[in-house]
Amino acid sequence: MDQFEKDFDRKRSQAAIDHVRGLIGDNRAAIADRIAELYDEYLTLDRDVPLRAALMASVASVLTPITGRPDKRRIVAVTGRSGAGKTTALMKHIRSIPAMQSYKDDDGVMIHPVIIVDAPSPCTPRLLAIACLEALGHAPPGGIKENQAWLLFRRLLKVHKVMWVFIDEAQNAIETASVREATVIGDAFKSLTQMPDWPVRLILAGVSPLASFLARKQLYNRRTVVPFDTLDADGTTDLVKSVLETIVQEHARMEIRIKLGGDAGEDSDEEEGKKRRKDKGMFLRRLMHACDAEFGSVVQMIRAAVELAIYADRDHVTIDDFVKTYASFSGCRPSKNVFTADNWEELDPVTALLRDDDRAWEAERLKSKGKTATRYGVRPQ
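J.: How would you sum up the sheet that holds strand β5 (residues 164–168)? Please name residues and give values.
T.: Across the sheet, 5 strands lie side by side as β4-β5-β6-β1-β7; this open sheet has parallel pairing. The two strands at the open ends of the sheet, each matched to only one other strand, are β4 (114–118) and β7 (223–227). On average, each strand axis in the sheet is inclined to that of its neighbour by 15°, with strand direction left out of account. Inspection of the sheet shows β4 paired to β5 by 5 bridges, in the parallel sense. Bridge pairing in β5 places Ile115 opposite Val165.

So this is what it looks like as structure tokens:
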């Protein structure tokens, strides 16, 4: 796709957006702009420090002469469960690093040092290579072979002066891969980073089994891994409280009318002390549980609750905003809402949508395959 086509598509998309904005009225448009501003904010965590360092080290490796001793560590990988905030963090840092921004070369050609590839699902080495070519703006022949696609991709990387390839949802490339396919993809990644005339750097983001794949011997000494771990329900309530206050009070400029719990303090009675420590931050613990202890999901839920308050034309956020947000996210029954149920710790947000007939169908399907029925979402043993 040439620049004219890109500009034309951009104008068409903006015209469609402007048409809708004209229909909803100035007030709703203003609300939409306020919400867009809310979602555009970024919350920095301790994990951003090693991530930034890894990306800056990747930039520094470009300074190594191509003919000199190669720097093997040309893969930066961010691993973690869905909802951890991997893609958001990577995009934030990539957009803030000058060396990774688009520019015009001496011939007036727009150069994009970073290309972003969404690994297809299901995926094979050939389909991944085709997705990489399409990210470059090329439509390969329909019958192109696997090795031809990778050869073409490697050649075009130099033509387009691409220095970084960011593969999102990278686990798709190896989740269902055979031993042979996993080896091919591993070799493809390795060859991209050690091309003699134009070595590129890889940025990978994904869930399990990406970490296991990166432990392969062919990639072990070529990657820097930044794990995005889950939140600790007992040790991170202060962090979640800080995030809640930042989003609601600083970003949205609203009040929090929710009992968050104070310092547990000291207590002479051991049992009373245990009770107070358990009660401390109960809302925050429910919030973490509702989001499966994933930081990105916590941020998403807080913002969605704030969005409800904005649409309700209120200057404060209440527990009811979170009750409604969780219900819409999970599809749970009213009695099974994590923010109101007494047995909230026993509830599974991931399977809250399922009803009795869904569970019966799952059990019957497993039984027909000669397997023992287990909790939905758990692989039978």
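J.: Quick rundown of the packing of aromatic side chains? Include the residues and the values.
T.: To describe a pair of aromatic rings, one takes the distance between the centres and the angle between the planes. The tally for this structure, following the rule as stated, stands at 6 aromatic pairs. Taking 5.8 Å as the distance between ring centres and 45° as the angle between the ring planes, the aromatic pair formed by Phe322 and Phe339 counts as tilted. Taken together, the residues span a long stretch of sequence, with Phe322 in helix α14 (residues 319–330) and Phe339 in the loop between α14 and α15 (356–368) at a distance of 17 residues. As far as burial versus exposure is concerned, Phe322 and Phe339 are alike and both buried.

J.: Would you mind going over the side chain of Asn337 in detail, with residue names and values included?
T.: Secondary-structure assignment places Asn337 in the loop between α14 and α15. Within the local environment of Asn337, its side chain forms a polar contact with the backbone oxygen of Val323, the two atoms lying 3.0 Å apart. For Asn337, the contacting residues outside a window of four places in its chain are Val323, Tyr326, Ala327, Cys332 and Leu347.

Reading the values: the criteria
All residue numbers refer to positions counted from 1 along the written sequence of the respective chain. In keeping with the model being predicted, local features are shown solely for residues with a pLDDT of at least 70 and side-chain atom pairs are shown and tallied solely at 80 or more, while totals for entire chains, interfaces and linings include all residues. Processing note: side-chain calculations cover all non-hydrogen atoms of the structure and skip hydrogens and water entirely. Strands are treated as partners if at least two bridges between them are detected by DSSP. Segments assigned H or I by DSSP are reported as helices when at least four residues long, segments assigned E as strands when at least two residues long, and all are numbered from the N terminus. To obtain an axis, a line is fitted to C-alpha atoms, over the contacting stretch when the element is a helix, and the angle between two such axes runs from 0 to 180 degrees between their N-to-C directions. Any two rings among Phe, Tyr and Trp, with Trp reduced to its six-membered ring, count as a pair given centres within 6.5 Å; such a pair is stacked if its planes are under 30 degrees apart, edge-to-face if over 60, and tilted if neither. Exposure classes here rest on a 1.4 Å probe applied to the protein chains alone. A residue is buried below 20% of its type maximum, exposed above 50%, and partly exposed in between. Here a polar contact means two N or O atoms within 3.5 Å. Within protein one must be a hydrogen donor candidate and the other an acceptor candidate, and residues neighboring in sequence count only if both atoms are side-chain atoms. The contact definition used throughout considers only heavy atoms, calling two residues in contact when any of these lie within 4.5 Å.

These figures capture arrangement, not role.
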